[in-house]
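Residue strings, one per chain:
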Amino acid sequence: MSRAHNFSAGPAALPLEVLDTIREDLPDWQGTGMSIMEVSHRGKEFIELAARAESNLRTLLSVPDDYSVLFPQGGATMQFAMAPLNLAGPDDTVDYVLTGSWGKKAAGEAAKFCHVNLIADSSDKNFTYIPDESSWRHSESAAYLHFTPNETISGVEFHFVPEGDTPLVADMSSTILSRPVDVSRYGVIYAGAQKNIGPAGITVVIVRNDLLEKARNNIPHLMTWQAYAESDSMTNTPPTFAWYVADQVFQYLLRRGGLAAMAEINRRKASKLYTVIDASGLYSNPVSKDCRSWMNVPFVLADDSLDKTFLEKAASSGFVGLKGHRSVGGIRASMYNAVAEESVDALIEFMVEFERTNG
Ligand SMILES: Cc1ncc(COP(=O)(O)O)c(C=O)c1O
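Going along each chain's sequence as written, the residues are numbered from 1 onward. With the structure being a predicted model, the display of local features is reserved for residues of pLDDT at least 70 and the display and counting of side-chain atom pairs for 80 or more, all residues being used for whole-chain, interface and lining totals. Side-chain measures were taken over the full set of non-hydrogen atoms in the model, leaving aside hydrogen atoms and water.

Take the overall build of the chain next. For the purposes of this entry, the term helix denotes a DSSP run of H or I that reaches at least four residues, the term strand denotes a run of E that reaches at least two, and both are numbered from the N terminus. Each helix and strand counted, the chain has nine helices and 14 strands in total. Between the two quantities, the radius of gyration covers C-alpha atoms and the globule rule is 2.2 Å times the number of residues to the power 0.38. Expected size for 359 residues packed as a compact globule is a radius of gyration near 21 Å; at 21 Å, the chain falls within 12% of this value. In terms of principal-axis extent, the alpha carbons of the chain reach across some 60 × 60 × 30 Å. The cut-offs for exposure are 20% and 50% of the maximum accessible area for each residue type, with area from a 1.4 Å probe on protein chains only; residues under the lower value are buried, those over the upper are exposed, and the others partly exposed. When each of the 359 residues of the chain is scored for burial, the buried share is 54%. Residue contacts are counted whenever heavy atoms from the two residues lie within 4.5 Å of one another. Put simply, of all contacts in the chain between residues at least 6 apart along the chain, 65% involve residues at least 24 apart. With residues, only the protein chains shown are counted as cover, and all accessible areas are computed by Shrake-Rupley using a 1.4 Å probe. Split by element, the accessible area of the chain, about 15500 Å² in all, is 50% carbon and sulfur. Each charge class in the chain can be summarised by its mean position, and for the 31 positive and 44 negative side chains these summaries are 4 Å apart. Charge counting follows a simple rule: Lys and Arg are positive, Asp and Glu are negative, and His as well as the terminal groups are ignored. In plain terms, the charge of a residue is placed at NZ if it is Lys, CZ if Arg, CG if Asp and CD if Glu.

Shown next as structure tokens:
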């Protein structure tokens, strides 16, 4: 069997250990004589799985007791709408910080439901920096402040948590579980699963309980966080397979030493790659050094006519998912938890050799 060096931005690599367990479990999960996809979500075994997944996620992220952990469907994009609908009325103002195209999409969705104030925006320099926090033009009484701790396309990551009393709503899709987080600093954290959690189809939402009360009363039941909180996320038939894989990933992360251990490896992987890029005459990364992402490293080649050759040679050497997002081009290496350090070392070796022969 040969496994690709998978640098995809998402859906992304899963740990081989988890894939092996899935393969073993598939025809007969927990002695039920059925696969996980064939069992009832109301059965004892699945209810135990769901409880374990929540409990392990709480342990990994040290989620305080006054927060609910929800597992809706719809991905992060659904949360772009659920955040304003659950936290703000039509006349309320909400603050958005734009450091990339996902934050921009989130703000665009919120603008359908309430007043959006863009309090900081780095689109003037192609989303390559985070505007200094002292320059943010906060609204007087915003219902919440939304930001994207890691912008997957531009590779811009907050290495700090914004200050202030306004509840923070964070789209952590591409950084959750990559390092410890002080959940108590946030009102709401949400993330699509298909990067560091498991397969697409399930979403994680962590919400401070007092904020559950703020939802509008005329929105669909399935778009109300409270509905998930009250039903252990069994509001309707949940994505059982995705939930099962997420449970396996959480167990795997705990076996590997939790998020402190992940942070150490992720910091090292990112630092190695940025060091090679910065020392090179061929590759460059446009993002300010103080906000470079550990998870997604975009870079361009000095001569962009070499992009195609780079990607072709990379593919024939076993590297996949390196093509930059279609909106920005270039190259992007996404290095989530399941991308082994050996894969990053192999990529670096490939890049150095490519520069030697093409630079
Ligand atoms: C930061 C961020 N937010 C939102 C999304 C959209 O996620 P989904 O496809 O789960 O709706 C993505 C997808 O890559 C993302 O990276």
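At a minimum axis separation of 9 Å, helix α2 (residues 44-61) and helix α6 (residues 240-255) run at an interaxial angle of 40°. The pairing of α2 with α6 is recorded here as oblique in orientation. α6 is crossed by α2, and the crossing has left-handed handedness. Residue-level inspection shows F46, L49, A50, R52, A53, N56, L57, T59 and L60 of α2 in contact with α6, the latter providing T240, W243, Y244, D247, F250, Q251, L253 and L254. Whenever a helix is involved, its axis is fitted only over the stretch in contact; in every case the axis is a line through C-alpha atoms, and angles between N-to-C directions fall within 0 to 180 degrees. In these notes the angle categories are as follows: under 35 degrees is roughly parallel, over 145 is roughly antiparallel, 65 to 115 is roughly perpendicular, and the rest is oblique. Crossing chirality is assigned from the near helix's rotation relative to the far helix, an anticlockwise turn below a right angle marking it left-handed and a clockwise turn marking it right-handed.

Being near a molecule or strand, for a residue, means having at least one of its heavy atoms within 4 Å of it. Around the ligand lies a shell formed by G75, A76, T77, F80, W102, T148, N150, T152, D171, S173, Q194 and K195. Contact distances for the ligand include 3.3 Å between an oxygen atom and a side-chain N or O atom of W102. Here the ligand, which alone exposes 400 Å², has 85% of that area covered by the protein. A per-element tally of the shell around the ligand places helix α3 (residues 75-87) first, with four residues. Lys, Arg, Asp and Glu make up the charged group, whereas Ala, Val, Leu, Ile, Met, Phe, Trp, Tyr, Cys and Pro make up the nonpolar group; the residues left over, Gly among them, are polar. Its residues assigned to classes, the shell around the ligand comprises three nonpolar, seven polar and two charged. Polar contact criterion, stated in full: a pair of N or O atoms within 3.5 Å, where within protein one must be able to donate a hydrogen and the other to accept it, and residues adjacent in sequence count only if both atoms are side-chain atoms.

Among the residues of helix α1 (residues 16-25), V18, I22 and D25 are the ones counted as buried. Down the axis of α1, the buried side of the element spans an arc of 70°, and every buried residue falls inside it. In α1, the exposed positions angled more than 90 degrees off the buried face are occupied by R23 and E24. Elements in contact with the buried residues of α1: α6. Here the arc refers to the directions that run from the helix axis out to each C-beta atom.

Turning our attention to the nonpolar core. In terms of nonpolar packing, the biggest core is built from 54 residues, with L61, I176, L177, I197, I206, W243 and F250 touching the most fellow members. Only buried residues count toward a nonpolar core, which is a set of Ala, Val, Leu, Ile, Met, Phe, Trp, Tyr and Cys residues joined through side-chain atoms within 4.5 Å. With 33 residues, the next largest nonpolar core counts A270, Y274, I277 and F299 among its residues.

Put simply, a salt bridge is a Lys or Arg side-chain nitrogen that is within 4 Å of an Asp or Glu carboxyl oxygen. Counting across every chain of the model gives 16 salt bridges. Between D210 and R208 there is a salt bridge, and its shortest N-O distance comes to 2.7 Å. Since its relative accessible area comes to 40%, D210 is described here as partly exposed. K308 is the partner of E312 in a salt bridge, and the nearest nitrogen-oxygen pair spans 3.3 Å. Taken as a pair, E312 and K308 lie in helix α8 (residues 307-316) at a separation of four residues, close to a single helical turn. With relative accessibility at 59%, the residue K308 sits in the exposed group. Counted as one network, the salt bridges with shared partners bring together R268, K272, E341 and D345.

Here the focus is the sheet that holds strand β11 (residues 283-284). Note: two strands are recorded as paired if DSSP finds a minimum of 2 bridges between them. Spatially, the three strands line up as an open sheet ordered β11-β12-β14, and their pairing is antiparallel. Strands with a single pairing partner mark the edges of an open sheet, and in this sheet they are β11 and β14 (331-334). On the sheet, helix α7 (residues 258-279) packs against β11, β12 (296-301) and β14 and is oriented at approximately 15° with respect to β12.

The seven strands lie next to each other as β2-β10-β9-β8-β5-β3-β4, forming an open sheet whose pairing is mixed. The strands lining the two open edges of the sheet, one partner per strand, are β2 (67-70) and β4 (115-121). Averaged over all adjacent pairs, the angle separating strand axes in this sheet is 15°, with direction ignored. For strand β3 (residues 93-98) and strand β5 (residues 145-147), the ladder comprises two bridges, and the chain directions are parallel. The residue bridging Y96 from the neighbouring strand is H146, located in β5. Where α2 meets the sheet, its contacts fall on β2 and β10 (203-208), and the angle it forms with β2 comes to roughly 125°. Contacts between α3 and the sheet are confined to β3, β8 (168-171), β9 (188-192) and β10, with β9 contributing the most and set at about 155° to the helix.

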